[in-house]
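Residues per chain are reported as follows:
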Amino acid sequence: QVQLVESGGGLVQAGGSLSLSCTASGIVFSTYAMAWFRQAPGKEREFVATISRSGGITYYADSVKGRFTISRDNAKNTVYLQMNSLKPEDTAVYYCAAGPRPTTVAGYDYWGRGTQVTVSS
C-alpha cells in the first residue's frame, strides 16, 4: 500500500519560515520524482516545486523562486520543502506527490492528504 504523509504545516506570520516534510512508504522512493503542489480555497491546485529522482534537478513555480527550496533524502524516503519569506498568498493546503517520470500533474501517481499552511499578515 502506497502512502505519502505530509507534516510541518501550521500558522506563521508574513516574512516567516516553515519547513514541510513528506515521507513515503510502499514505493521504491529513489525511482520516483517528487513534487509539491498547493491549493488555496476556491482555486485550482497549482504546481510549486519538483525534484528529480537523484535530487540533481529541481524546478520551481515563478511565484516561489528564490523563497522555497525542495530537497530529498532517499535514505529516509522523505522530500522536504523549505519555505522562507512567506507571504499571505502562500496560504494553501500543500500536497506531496510522486511520479515515475512526470511531465505534467497527470504524471504524478500518488498523492498525500495535504497539510495546511496559513500565513497571516
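Refer to the structure printed above.
Read on for an overview of the structure. Note that the coordinates shown come from a computational prediction; the quantities given were computed from them, not determined experimentally.

Another point: the overall build of the chain. Within the chain, the regular secondary structure consists of zero helices and eleven strands. Counting from the amino terminus, the chain carries its helices and strands in the arrangement β-β-β-β-β-β-β-β-β-β-β. Relative to the globule expectation of 14 Å for 121 residues, the C-alpha radius of gyration of the chain, 13 Å, shows essentially globular dimensions. The principal-axis extent of the C-alpha atoms belonging to the chain is close to 40 × 25 × 25 Å. Looking at the chain as a whole, 41% of its 121 residues are labelled buried. Restricting to contacts in the chain with at least 6 residues of sequence separation, those with at least 24 account for 55%. Working note: accessible area of the chain is about 6400 Å², and carbon and sulfur atoms make up 48% of it. The chain carries 11 positive and 8 negative side-chain charges, and their two centres are separated by 4 Å.

The next thing to look at is the nonpolar core. Core analysis: the largest hydrophobic core is formed by 30 residues, its most contacted members being Trp-36, Val-79, Leu-81, Met-83 and Tyr-94. Listed by contribution, the elements that provide at least two residues to this core are β3 (18–25), β4 (33–39), β5 (46–51), β7 (68–73), β8 (78–83), β9 (92–99) and β11 (115–120).

Here we take up the pattern of salt bridges. All chains considered together, the criterion is met by four salt bridges. Among the ionic pairs, Asp-90 bridges to Arg-38, the shortest N-O distance being 2.9 Å. Of this pair, Asp-90 sits in the loop between β8 and β9 while Arg-38 sits in strand β4; the two residues are 52 residues apart in sequence, bridging distant segments of the chain. Residue classification places Asp-90 among the buried positions, given a relative accessible area of 0%. A residue is classified by how much of its surface remains accessible, and Arg-38, at 5% relative accessible area, is buried.

Looking at the element boundaries, Thr-78 is found in strand β8. Within the local environment of Thr-78, its side chain forms a polar contact with the side chain of Thr-23, the two groups lying 3.1 Å apart. Those residues in contact with Thr-78, other than ones at most four positions away along the chain, are Ser-21, Cys-22, Thr-23, Phe-29, Ser-71, Arg-72 and Asp-73.

Calculation notes
Residues numbered from 1 in each chain as written. Predicted model: local features only at pLDDT ≥ 70, side-chain atom pairs only at ≥ 80, totals over all residues. Heavy atoms only, no water. Helix = DSSP H or I, 4+ residues; strand = E, 2+ residues; numbered from the N terminus. Rg over C-alpha atoms; globule rule 2.2 N^0.38 Å. Buried < 20%, exposed > 50% of the residue type's maximum accessible area, 1.4 Å probe, protein only. Contact = heavy atoms within 4.5 Å. Areas by Shrake-Rupley, 256 points an atom, 1.4 Å probe, with all protein chains shown as cover. Lys, Arg positive; Asp, Glu negative; His and termini not counted. Charge placed at Lys NZ, Arg CZ, Asp CG, Glu CD. Core = buried A, V, L, I, M, F, W, Y, C linked by side-chain atoms within 4.5 Å. Salt bridge = Lys/Arg side-chain N within 4 Å of Asp/Glu carboxyl O. Polar contact = N/O pair within 3.5 Å; in protein donor to acceptor, adjacent residues only side chain to side chain.

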